[in-house]
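Structure assessment
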Amino acid sequence: MRKGCGIDGDDQQERFDFVVVSNRLPVDREIAHDGTARWKPSPGGLVTALEPVMRTNDGAWIGWSGTAGDEVEPFTTDGMHLVPVTLSEDDVRDYYEGFSNDTIWPLYHDVIAPPKYQRDWWDAYVRVNERFAERAAATAAEGGTVWVQDYQLQLVPRMLRERREDLTIGFFNHIPFPAYGLYSQLPWRSQIIEGLLGADLIGFQRRADAGNFLRAVRRLFRLPTVHNRVELPPQGEGRWPNSGGARPRAVVARHFPISIDARAYIDLAHRADVRARAQQIRHDLGDPGTIMLGVDRLDYTKGIGHRFAAYAELLAEGKLDVNDTVLVQVASPSRERVESYKALRDEIELTVGRVNGDYGTIRHSAINYLHHGYPREEMVALFLAADIMLVTALRDGMNLVAKEYVATRVDDDGVLVLSEFAGAADEMQQALLVNPHDIEGLKRAILAAVHMPRGERRQRMRSLRTRVIEHDVERWSQDFLTALAEARPSDSARQLAAGDQDQR
Ligand code: F6P
């Protein structure tokens, strides 16, 4: 419900019972030929999941527009009320590229790249988290519910509770949470845990992530945890965490594996133009016997190099033939000003050149490398065209591409090769699970996928699809909001959980 009433004397500000806070707004700005700007919903699953809840409850979404220095007034687009937060050039460098993506990101992904611990980046992280918390405190209605998203905003729950004890606060971490042995490297490890404990419910992708978090709580604060609950004693006593409010309360930490809008992928997979495009792709690639596909942000966590190494060895050993096989690698540009991402791009593009130079022919490239992002229609056509999907992440919170591939395969065909280090592996046991560090094992899995009989492909794909269709992103948001209402049974939280059930 939208309210004009004021809290703390601010009568002008519109207030909302349900507020989502994420680093980015769920819209992209599109500049038309005549120079006018338009906001277009970004295609992510989170928007799809939360859009109906936002509409029913007249919610608001707080986030950054994606452009440094952008100062935009709150606005409504497609029925969603958006509240932009401004990030300066310095904020983008130190909070987003620095602390979020060059400290937390590598640390939480098992230090695949070395995390950098810079004090000025931490200062920027605190400063920007304060700004998001201020915005959320000024946007949420009395007794409302705020759902904070992801690792860029781990301090927001506590900062928000310090300002507004009346709110129900949820937090969801989209990336892994590391084992304590790694987490303890972080110079600001206690502050981050205190930040998160400001929430009533903290969601993680995997059971193991929630376990790692609870272990960190026990180790750092000697707080007892019972199952997935942390009982917070009154504040100001000894070493207890300062998690915002003054009252003793409980915090629940549990796993809620995120998913996709499976229906949207199925609908696209049935569309005649998308199916025709899939055939065209196969044709353009020379109608080979086997098309393998990798689709990733160009990120060192994705194991793209490991995938290339296994494939190149299979070509070298004559177990795959370049005249009959191709690997299409879509690597969408990401975080391009961060050093480790620049280095990765150089390394990957050098490898593509080497593999194509060593094994390609005039007619056939071994790897078809595309450094672009594509619209969803094109991705679905690629999924339909691909016989084998390679997801070889070294560490991944979930990996939604694995779920998108499976949802798309309405023909019950195709083989998913999936890293056991992706969160998706917990639910997708019918995939060919691999340890991407084990290149021989990866090669065996690729060959097994190439030679898998149709009957086995169908059987595996059917069970994978059932899981993804039954556990879609709407169910994820419903499960989270229901658990949030149980963790803190306020009116707004109960209403959200009930409203979400009604929509299904
Ligand atoms: O899943 C982690 C995540 O940071 C998401 O929050 C985001 O949508 C995606 O990766 C892309 O990252 P960025 O916003 O840095 O481009």
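How each quantity is defined
- Residues numbered from 1 in each chain as written.
- Predicted model: local features only at pLDDT ≥ 70, side-chain atom pairs only at ≥ 80, totals over all residues.
- Heavy atoms only, no water.
- Salt bridge = Lys/Arg side-chain N within 4 Å of Asp/Glu carboxyl O.
- Helix = DSSP H or I, 4+ residues; strand = E, 2+ residues; numbered from the N terminus.
- Near = heavy atom within 4 Å.
- Polar contact = N/O pair within 3.5 Å; in protein donor to acceptor, adjacent residues only side chain to side chain.
- Areas by Shrake-Rupley, 256 points an atom, 1.4 Å probe, with all protein chains shown as cover.
- Nonpolar A, V, L, I, M, F, W, Y, C, P; charged D, E, K, R; others polar.
- 1 Å grid on protein atoms, 1.4 Å probe; cavity = no way out; pocket = protein on both sides within 12 Å on 5 of 7 lines; lining within 4 Å.
- Points joined across faces, edges and corners; volume = space filled by probe spheres on them.
- Pairing = 2+ DSSP bridges.
- Axes fitted to C-alpha atoms, helices over the stretch in contact; angles between N-to-C directions.
- Contact = heavy atoms within 4.5 Å.
- Domains from an automatic or database assignment.
- Buried area = accessible area lost by both parts, 1.4 Å probe.
- Buried < 20%, exposed > 50% of the residue type's maximum accessible area, 1.4 Å probe, protein only.
- Phe/Tyr/Trp six-rings, centres within 6.5 Å; stacked < 30°, edge-to-face > 60°.

Brief notes about the pattern of salt bridges
Scanning the model with the defined rule gives 44 salt bridges in all. A salt bridge links Glu339 to Lys342; the shortest N-O distance between them is 3.3 Å. One end of the pair, Glu339, and the other, Lys342, are both in helix α11 (residues 339–359), 3 residues apart, so they sit about a helical turn from each other. Here Asp412 ties to Arg462 by a salt bridge, and the two come within 3.0 Å at their closest N and O atoms.

A few points about the site of the ligand
In the vicinity of the ligand, the residues found are Arg24, Tyr96, Asn101, Trp105, Asp150, Tyr151, Gln152, Ile175, Arg297 and Arg335. In the environment of the ligand, an oxygen atom lies 2.8 Å from a nitrogen or oxygen atom belonging to the side chain of Arg24. For the ligand, the protein covers 66% of the area, taking 380 Å² as the surface of the free molecule. Ranked by the residues each element gives to the shell around the ligand, the list is headed by helix α2 (residues 89–108), at 3 residues. Here the residues of the shell around the ligand are counted per class, giving 4 nonpolar, 2 polar and 4 charged.

Topic: unusual backbone geometry
In the Ramachandran plot, Val111 falls in the positive-phi region, its phi being about 45 degrees despite a non-glycine side chain. Here Val111 shows up in the loop between α2 and α3 (119–139).

Brief notes about empty space enclosed by the protein
Summed over all chains, the structure comprises 2 cavities of 30 Å³ or more. In this structure, the largest cavity occupies an estimated 50 Å³ of space. Gly414, Val415, Leu416, Gln430, Ala431, Leu432, Met452, Arg457, Arg460, Met461 and Leu464 together form the lining of the largest cavity. Listed by contribution, the elements that provide at least two residues to the lining of the largest cavity are β18 (415–419) and α15 (454–470). Ranked by the residues each element gives to the lining of the largest cavity, the list is headed by α15, at 4 residues. The class makeup of the residues in the lining of the largest cavity is 7 nonpolar, 2 polar and 2 charged.

So, the sheet that holds strand β16 (residues 367–370)
Within a sheet, adjacent strands bond to each other through the backbone by hydrogen bonds, running parallel or antiparallel. Reading across the sheet, the 6 strands line up as β16-β15-β14-β17-β18-β19 and stay open at both edges, with parallel pairing between neighbours. Since the sheet does not close on itself, it has two edges, and those belong to β16 and β19 (432–434), each with one partner. Sheet twist, expressed as the mean angle between neighbouring strand axes with direction ignored, is 20 degrees. The pairing of strand β15 (residues 325–332) with β16 spans 4 bridges and is classified as parallel. Each bridged residue has a counterpart across the sheet, and for Gln329 the counterpart in β16 is Tyr369. Across the sheet, helix α10 (residues 304–316) is in contact with β14 (290–297), β15, β16 and β17 (388–391); its angle to β15 comes to roughly 170 degrees.

A few points about the domain arrangement of the protein
The parts lose accessible area when they come together, and the size of an interface is often stated as this lost area. Each domain of the protein was delimited in the assignment, giving domain 1 (2–259 + 473–502) and domain 2 (262–470). Between the C-alpha centres of domain 1 and domain 2 the distance comes to 32 Å. Of the residues lining the interface, 25 residues belong to domain 1; the matching set on domain 2 comes to 27 residues. Between domain 1 and domain 2, roughly 2000 Å² of surface is buried when both sides are summed, and carbon and sulfur atoms account for 50% of that area. It is Trp105, Ile112 and Arg206 in domain 1 that bury the most area against domain 2; as a group they hold 31% of the surface buried on that side. Linking domain 1 to domain 2 there are 3 salt bridges. At the junction of domain 1 and domain 2, the tally comes to 10 residue pairs in polar contact (both at pLDDT 80 or more).

Here we look at the side chain of Thr408
As for its position among the elements, Thr408 is in helix α13 (residues 400–408). Owing to a relative accessible area of 0%, Thr408 belongs among the buried residues under this scheme. Leaving out residues up to four positions away in the same chain, Thr408 has contacts with Tyr265, Ala269, Val380, Phe383 and Leu384.

Some points on the environment of Thr76
By the element assignment, Thr76 lies in strand β6 (residues 75–77). Spatially, the C-alpha atom of Thr76 lies 39 Å from that of Ile304, the residues being 228 residues apart in sequence. Among the polar contacts made by the side chain of Thr76, one reaches the side chain of His81 at a distance of 3.2 Å.

Side note on the environment of Ala140
Along the chain, Ala140 turns up in strand β8 (residues 140–149). Residue class for Ala140 comes out buried when judged on its relative accessible area of 0%. Spatially, the C-alpha atoms of Ala140 and Ala60 are 8.4 Å apart, while their sequence positions differ by 80 residues.

What about the packing of aromatic side chains?
Considering all chains together, one arrives at 23 aromatic pairs under this definition. Ring centres of Trp39 and Phe75 lie 4.9 Å apart, and the angle between their planes is 25 degrees; on these two criteria the pair is classed as stacked. Note that Trp39 is positioned in strand β4 (residues 37–41) and Phe75 in strand β6, a separation of 36 residues in sequence. By relative accessible area, which is 15% here, Trp39 ends up buried. Relative to Tyr151, the ring of Trp105 lies with its centre 5.5 Å away and its plane at 55 degrees, an arrangement referred to as tilted. Taken together, the positions of Trp105 in helix α2 and Tyr151 in the loop between β8 and α4 (156–163) put the pair 46 residues apart, joining distant regions of the chain. The pair Trp105 / Tyr151 is uniform in exposure class, with both members buried. Taken together, Tyr95, Phe99, Trp122, Tyr125, Phe132 and Trp188 form an aromatic cluster joined through their ring pairs.

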